Amino acid sequence: LVQFPGAVFARVALVIGNGNYQHSSQLRNPRNDASDVAAALRDIGFDVVEGFDLDRRGMEQKIRSFSDKLETSKLALFFYAGHGLQ
């Protein structure tokens, strides 16, 4: 819970860094970028759901966990580092 003058609300974030791809070039920075963003968000009071180098099932699990937390939050943030592939 984060407190500002006259307000108290919950904040949640989904942070994903995918750089280890099976059928595409590997990326060096997504894991580091996502880790840094997750740490910064925690420092300012976010409840962070994070994942790295996820496959489809892993992505779905993290998204479901994030979605469950949305019901009790007032502010949500999504951060993704990696390729945008289907």
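Preceding this paragraph is the structure being described.
Computed from a predicted model, the values in this text were never measured in an experiment.

Chemist: Can you walk me through the pattern of salt bridges in this structure?
Modeler: Two side chains with opposite charge may pair up if their charged atoms get near one another. The final tally for this structure, using the stated rule, is four salt bridges. Across the pair Lys69 and Asp47 runs a salt bridge whose closest N-O atoms are separated by 2.8 Å. Taken as a pair, Lys69 in helix H2 (residues 56-70) and Asp47 in strand S4 (residues 47-52) lie far apart in primary sequence, 22 residues in all. A relative accessible area of 36% places Asp47 in the partly exposed class. A salt bridge links Arg56 to Glu60; the shortest N-O distance between them is 3.0 Å. Of the two residues, Arg56 and Glu60 both sit in helix H2, four residues apart, roughly one turn of that helix. For Glu60, a relative accessible area of 35% translates into the label partly exposed.

Conventions used here
Residues numbered from 1 in each chain as written. Predicted model: local features only at pLDDT ≥ 70, side-chain atom pairs only at ≥ 80, totals over all residues. Heavy atoms only, no water. Salt bridge = Lys/Arg side-chain N within 4 Å of Asp/Glu carboxyl O. Helix = DSSP H or I, 4+ residues; strand = E, 2+ residues; numbered from the N terminus. Buried < 20%, exposed > 50% of the residue type's maximum accessible area, 1.4 Å probe, protein only.

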